[in-house]
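Close look at the chain arrangement
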Amino acid sequence: MSYATTDNQTELTLRVQDDAISPKTKIKPWSGVKSLKELTRKWRRKINDILKQRDFTEERLQYLLNEVSDLRIQLRELTAAQAGSEGEQGQTKESFSYQWSQITEGMALLGDKDFEKQMLELLSTYVDQPREWFQGKRVLDAGCGIGRWSYAFCKLGSNVMAIDQSASGIGHVKEMLKDQPNFDARPADLLKPLPFEPEFDLVWCYGVTHHTGNTKLAVEHVAKVVKPGGRLFLMIYGEPTKPYEFNEINTYVELRRATEHMTFEEKREYLAERYPLELVHGYFDAISPKINDLHRFGEIETWLIDLGFKDVRLTLDNRNLHIVSDLPK
Ligand SMILES: C[S@@+](CC[C@H](N)C(=O)[O-])C[C@H]1O[C@@H](n2cnc3c(N)ncnc32)[C@H](O)[C@@H]1O
């Protein structure tokens, strides 16, 4: 491309821009330069131009990410209301049922000594209450899986009801906690109104609603059974914002694509060949279910305020949103 100008500055700027478009374009800022000072000045200008270009690229990328995020929310609202999403919902439920019957050990599950040492403190931090607060409180563990948190609530002396769509999960937690007098469990679907009154001091829902295909509806259903004066805790997958978070999500997407044609058993074997045994559960949980929606804090905050909750806040600095909010008396 040629430029009808004799102005050196304009020519250099245009060449730099052109260079960003076509890496093959050669820039020779030293051509016609008479002194080192002049050369330094020219390079400084070139670097400034490149930095401006980079800022512009970042702004455009952020704009696109915002657009994708808004589109994802709109798409979710559209598909959530359609029966067409049942295939993905069915696959997601089956994946968890397989997981809870075949991969019941791993990092951050019961049996992991580090997790067991930390779990009571984690509950206290996430719920933003001292350990003594849990004693005698009526708690719903909504989407309990195989019951690691139900177990921890029982340890803290709570009166626990656990629910999950997975029969294998419910079977497992019932057997594990059969000697606990203040524990019960039953199957339930978070996409349907729950069979309880607003009776719980704490509704705990860790890593569940974003797997339902209609996060908003599931949040509404769990929120409805918090008693006035009670607290709701939600852990919901968040959108990535930091470099390593993008890297994490990209890894999951690649693994999902590499394994999407496989049976659950084949996926488990695929992961076991690539990762240490204690990580297989975590990777399977992250990549096998088809529904893994990501959300923004502001989105959830709006839902909760609309449902009458106050003081909606994050209790952990993490991509995954650890949210508590209170229902006024
Ligand atoms: C990632 S696991 C989390 C389990 C548990 N909360 C924990 O932290 O160990 C997600 C759980 O959500 C349950 N789940 C998914 N969709 C559900 C639905 N519509 N109703 C009830 N449970 C559901 C799955 O069966 C699974 O046990």
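Below: a short report on this structure.

Here is what the cut-offs are and how they apply
- Residues numbered from 1 in each chain as written.
- Predicted model: local features only at pLDDT ≥ 70, side-chain atom pairs only at ≥ 80, totals over all residues.
- Helix = DSSP H or I, 4+ residues; strand = E, 2+ residues; numbered from the N terminus.
- Buried ≥ 20, exposed ≤ 12 C-beta atoms within 10 Å, placed from the backbone.
- Contact = placed C-beta atoms within 7 Å.
- Pairing = 2+ DSSP bridges.
- Right-handed = clockwise from strand over helix to strand, strands pointing away.
- Core = buried A, V, L, I, M, F, W, Y, C linked by C-beta atoms within 7 Å.
- Near = placed C-beta within 6 Å.
- Nonpolar A, V, L, I, M, F, W, Y, C, P; charged D, E, K, R; others polar.
- Axes fitted to C-alpha atoms, helices over the stretch in contact; angles between N-to-C directions.

Okay, the overall build of the chain next. Scanning the chain for helices and strands turns up 11 helices and 7 strands. The buried share of the chain, taken over its 329 residues, is 30%. Considering only contacts in the chain between residues 6 or more positions apart, those separated by 24 or more positions represent 63%.

Time to look at the pairing of strand β2 (residues 159-164). The buried fraction of β2 amounts to 5 of the 6 residues, a majority that puts the element mostly inside the structure. The pairing of strand β1 (residues 138-142) with β2 spans 5 bridges and is parallel. What sits directly across from L140, in β2, is M161. Taken together, β1, helix α5 (residues 148-155) and β2 form a β-α-β motif whose crossover is right-handed. Looking at chain direction, β2 and strand β3 (residues 183-187) are connected through 5 bridges and run parallel. Across the sheet, I163 pairs through a bridge with R186, a residue of β3. In the classification by handedness, the crossover that spans β2, the intervening helix α6 (residues 167-176) and the parallel β3 is right-handed.

A negative phi holds for most residues other than glycine; trans holds for most peptide bonds. The phi dihedral of A108 falls on the positive side, at around 70°, and the residue is not glycine. Structurally, the position occupied by A108 is in the loop between α3 (86-102) and α4 (113-127). Even without glycine at this site, D128 takes up a positive phi of about 65°. Tracing the sequence through the fold places D128 in the loop between α4 and β1.

Counting 53 residues, the largest nonpolar core has A142, V203, W204, C205, V222, L232 and L234 as its most contacted members. Apart from residues lying up to four places away in sequence, V203 is in contact with L140, A142, V222, V225, V226 and L232. Core analysis: the next-biggest nonpolar cluster, separate from the first, contains 7 residues, I103, L255, V280 and I287 among them.

This part takes up the site of the ligand. Near the ligand there are 20 residues, and of these F96, G143, G145, Q165 and L190 occur at the shortest range. Tallied by class, the residues present in the shell around the ligand amount to 7 nonpolar, 8 polar and 5 charged.

What follows covers the sheet that holds strand β5 (residues 226-236). In spatial order, the strands read β3-β2-β1-β4-β5-β7-β6; together these 7 strands make up an open sheet with mixed pairing. Pairing within the sheet leaves two strands with one partner each, and these edge strands are β3 and β6 (310-314). Here the average twist between neighbouring strands, direction ignored, is 15°.

These figures capture arrangement, not role.
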